[in-house]
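Observations on the model geometry
These are the residues of each chain, in order.
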Amino acid sequence: MEKTLSIIKPDAVKKNVIGKIIDRFESNGLKIVAMKRVLLSKEVAGDFYAIHKERPFYNDLVEFMISGPVVVMVLEGNDAVKKNRELMGDTDPKKAQPGTIRSDFADSIDANAVHGSDSLENATNEIAFFFSQTEIH
Ligand code: CMP
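Everything in this summary refers to the structure shown in the same document. (Residues numbered from 1 in each chain as written. Predicted model: local features only at pLDDT ≥ 70, side-chain atom pairs only at ≥ 80, totals over all residues. Heavy atoms only, no water.)

This next bit is on the nonpolar core. Ranked by size, the top nonpolar core spans 21 residues in total, and within it Leu5, Ile7, Met65, Val72, Val74, Phe130 and Phe131 carry the most contacts. Listing elements by their share of this core, those giving two or more residues are strand 1 (2-8), strand 2 (31-38), helix 3 (42-48), helix 4 (58-65), strand 3 (70-77) and helix 7 (120-130). Ranked by the residues each element gives to this core, the list is headed by helix 4, at 5 residues. Beyond its immediate stretch of four places on either side in the chain, methionine 65 contacts Ile7, Lys9, Pro10, Leu40, Ala45, Tyr49 and Val70. (Core = buried A, V, L, I, M, F, W, Y, C linked by side-chain atoms within 4.5 Å. Buried < 20%, exposed > 50% of the residue type's maximum accessible area, 1.4 Å probe, protein only. Helix = DSSP H or I, 4+ residues; strand = E, 2+ residues; numbered from the N terminus. Contact = heavy atoms within 4.5 Å.)

Pasting the structure below:
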């Protein structure tokens, strides 16, 4: 069993499709073992995406992530990191396979509906960034 971090981003929360996105996870064998709806501060969003600090899109990414509430979840299941990324589809919704979350719910590479950890190591770090052990069941 693996755990991975998923964030439903402000664009998808504004579209009121939280339930539809969660259904993709649950229907494909992933279980939500922690979840919260939060409005991120600039500092927290900046720290979370610190890995992208030198990228040209960093400031826009941080501004977007604080533009409205997000839903942060820990997903658990077999091969959870890979499975979540398959369900999400390509970072750029225009390149995402039909039927993936980003193809169905995202508008642009910035407003791309969901974030998912890209490796088991990052998943462990990202989960610890948002949740304490006592919040994961
Ligand atoms: P996410 O999986 O949350 O990780 C970093 C985010 O940066 C990514 O999704 C995109 O929303 C955003 N982003 C904007 N431009 C780019 C780009 N050129 N390459 C990768 N990510 C980008």
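Picking up where we left off.
Under the defined criterion, the tally for this structure stands at 5 salt bridges. In this structure, the salt-bridge partner of aspartate 104 is arginine 24, at a minimum N-O distance of 2.8 Å. With aspartate 104 in helix 6 (residues 101-105) and arginine 24 in helix 2 (residues 18-27), the pair connects residues that are 80 residues apart, well separated along the chain. Note that glutamate 63 is salt-bridged to lysine 42, the shortest N-O span being 2.8 Å. Taken together, the positions of glutamate 63 in helix 4 and lysine 42 in helix 3 put the pair 21 residues apart, joining distant regions of the chain. (Salt bridge = Lys/Arg side-chain N within 4 Å of Asp/Glu carboxyl O.)

Before going further, it helps to examine the site of the ligand. For the ligand, the full set of nearby residues is Lys9, Tyr49, His52, Arg55, Phe57, Leu61, Thr91, Arg102, Ile109, Asp110, Asn112 and His115. At 3.3 Å, a side-chain N or O of arginine 102 approaches an oxygen atom of the ligand. At a separation of 3.0 Å, an oxygen atom of the ligand approaches a polar side-chain atom of histidine 115. About the coverage of the ligand: the protein hides 79% of its 460 Å² of free accessible area. The class makeup of the residues in the shell around the ligand is 4 nonpolar, 4 polar and 4 charged. (Near = heavy atom within 4 Å. Polar contact = N/O pair within 3.5 Å; in protein donor to acceptor, adjacent residues only side chain to side chain. Areas by Shrake-Rupley, 256 points an atom, 1.4 Å probe, with all protein chains shown as cover. Nonpolar A, V, L, I, M, F, W, Y, C, P; charged D, E, K, R; others polar.)

Here we take up helix 7. Of all the residues in helix 7, the buried ones are Asn122, Ala123, Glu126, Ile127 and Phe130. Around the axis of helix 7, the buried residues are gathered within 130° of arc, so they sit on the same side. Away from its buried face by more than 90 degrees, helix 7 exposes Glu121 and Ala128. (Arc of directions from axis to C-beta.)

The subject of this paragraph is the environment of serine 6. Note that serine 6 resides in strand 1. By relative accessible area, which is 0% here, serine 6 ends up buried. Sequence spacing of serine 6 and valine 81 is 75 residues, and the spatial spacing of their C-alpha atoms is 9.5 Å. Residues in contact with serine 6, not counting those within four places in the same chain, are Phe25, Val71, Val72, Met73, Leu75, Asn84 and His115.

Turning our eyes to something else, we now look at the packing of aromatic side chains. Counting across every chain of the model gives 4 aromatic pairs. Between phenylalanine 48 and tyrosine 49, the ring centres sit 5.0 Å apart and the planes meet at 80°, which makes this aromatic pair edge-to-face. Its relative accessible area of 11% is what places phenylalanine 48 among the buried residues. With a relative accessible area of 5%, tyrosine 49 lands in the buried category. Centroid distance phenylalanine 129 to phenylalanine 130: 5.0 Å. Interplanar angle 75°. Geometry classified as edge-to-face. A relative accessible area of 36% places phenylalanine 129 in the partly exposed class. Against the face of phenylalanine 131 rests lysine 36, its NZ or CZ located 4.6 Å from the ring centre. (Phe/Tyr/Trp six-rings, centres within 6.5 Å; stacked < 30°, edge-to-face > 60°. Lys NZ or Arg CZ within 6 Å of the ring centre and 35° of its normal.)

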